Amino acid sequence: MQSRNPVIGRLGQNNRQQYGAGPMASPQHLRDMYDAPSYSPPTAARPMTIDDVVVRGFITLGTLVLSAALAWYFNLGIGFAVAGVIVGLVLGLIVSFRQSTNPVLILGYSVSYGVAIGVISRLYNTAFDGIVIAAAFGTMVAFGGVLAVYALKIFRPTPKFTKFVIGAAFAAMGLIVLNLIFGLFVPGGLGLRTDSPLGWIFSIAMILLGCFFLLLDFDAVEQGLRAGVPEKYSWLMAFGLTVSLVWIYLEILRFLSYFFNND
């Protein structure tokens, strides 16, 4: 019996048209209904959670540490470090500019830079026994300090601060390139990477810049959680955190070498 309510009647008509029920249903319609799956595929990706970021972060950073440990253990030469830096830099640029969430690219970066860090760390530790442990501890302290500053809302990044950090990074990279070029003609180049007051100041500035990027990474994670971005973007968040930690570790390693007792 058809309802007298025009709304319910219209809904019933729509249902009959949609599912093929009622007097107009054909045997083929019934067969299609029978063969149709009893579920509907998800229409949207699962939102990212903080657990996703933590797990991906452990995977990405763990891959880097394992690669570094293997490079250290097998005592790979400086050529492997150079190759690792080049490959890691290329993969890192691809991930950064394309905002790629491809785990292969991100883990490839971890392996490449892990090999480079393993070789570099062994060389430093040969010249300055115990410096690697000190640098690793310093990196953990920096990470914990920046996390505390962000979690306690002592400071939160603003759009102006973000522009400043990005501009400072480009300026720092430009100075490093100039220092390398001048180093071809003058010993020590501009003196930015020498055991001198200028070198100390530049290393401190680079460490602070790495901490600023870590602050931006924490903010990116929070903004992603609020926006409900898909779960796959946790790989990109983990990549950003890993890059910042690598930056901080290498700069602390260099800075400590200026003052470490190598007797």
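Residues numbered from 1 in each chain as written. Predicted model: local features only at pLDDT ≥ 70, side-chain atom pairs only at ≥ 80, totals over all residues. Heavy atoms only, no water.

Comments concerning the overall build of the protein
Here is step 1 of the chain: Along the backbone of the protein there are nine helices and zero strands.
Here is step 2 of the chain: Of the regular secondary structure in the protein, the N- to C-terminal order runs α-α-α-α-α-α-α-α-α.
Here is step 3 of the chain: In the protein, which comprises 263 residues, the share counted as buried stands at 35%.
Here is step 4 of the chain: Total accessible area on the protein is roughly 16300 Å²; 70% of this is exposed by carbon and sulfur atoms. (Helix = DSSP H or I, 4+ residues; strand = E, 2+ residues; numbered from the N terminus. Buried < 20%, exposed > 50% of the residue type's maximum accessible area, 1.4 Å probe, protein only. Areas by Shrake-Rupley, 256 points an atom, 1.4 Å probe, with all protein chains shown as cover.)

Regarding the pattern of salt bridges
Here is step 1 of the chain: Taken as a whole, this structure holds five salt bridges when the rule is applied.
Here is step 2 of the chain: For Arg 46, the salt bridge identified is with Asp 52, shortest N-O distance 3.1 Å.
Here is step 3 of the chain: Of the charged contacts, one joins Arg 156 and Glu 222 as a salt bridge, the two residues approaching to 3.1 Å between their closest N and O atoms. Of this pair, Arg 156 sits in the loop between helix 6 (131–151) and helix 7 (159–183) while Glu 222 sits in helix 8 (residues 197–227); the two residues are 66 residues apart in sequence, bridging distant segments of the chain.
Here is step 4 of the chain: Exposure remark for Arg 156: the relative accessible area of 26% places this residue in the partly exposed category.
Here is step 5 of the chain: One network of salt bridges, in which partners are shared, links Arg 156, Glu 222 and Arg 226. (Salt bridge = Lys/Arg side-chain N within 4 Å of Asp/Glu carboxyl O.)

As for the packing of aromatic side chains
Here is step 1 of the chain: Under the definition given, this model contains 11 aromatic pairs.
Here is step 2 of the chain: Following the ring pairs from residue to residue traces out a cluster consisting of Trp 200, Phe 255, Tyr 258 and Phe 259.
Here is step 3 of the chain: The positively charged end of Arg 156 is found above the aromatic ring belonging to Tyr 150, 3.9 Å away from the centroid. (Phe/Tyr/Trp six-rings, centres within 6.5 Å; stacked < 30°, edge-to-face > 60°. Lys NZ or Arg CZ within 6 Å of the ring centre and 35° of its normal.)

Thoughts on a nonpolar patch on the surface
Here is step 1 of the chain: Taken together, the side chains of Leu 175, Val 177, Leu 178, Ile 181, Phe 182, Leu 184, Phe 185, Val 186 and Leu 190 define a hydrophobic patch exposed on the protein surface, amounting to about 840 Å² of accessible area.
Here is step 2 of the chain: Summarising the element assignment, Val 177 is placed in helix 7.
Here is step 3 of the chain: A relative accessible area of 46% means that Val 177 is categorised as partly exposed. (Patch = residues over 30% accessible without salt bridge, like charges linked within 9 Å, V, L, I, M, F, W, Y side chains within 5 Å.)

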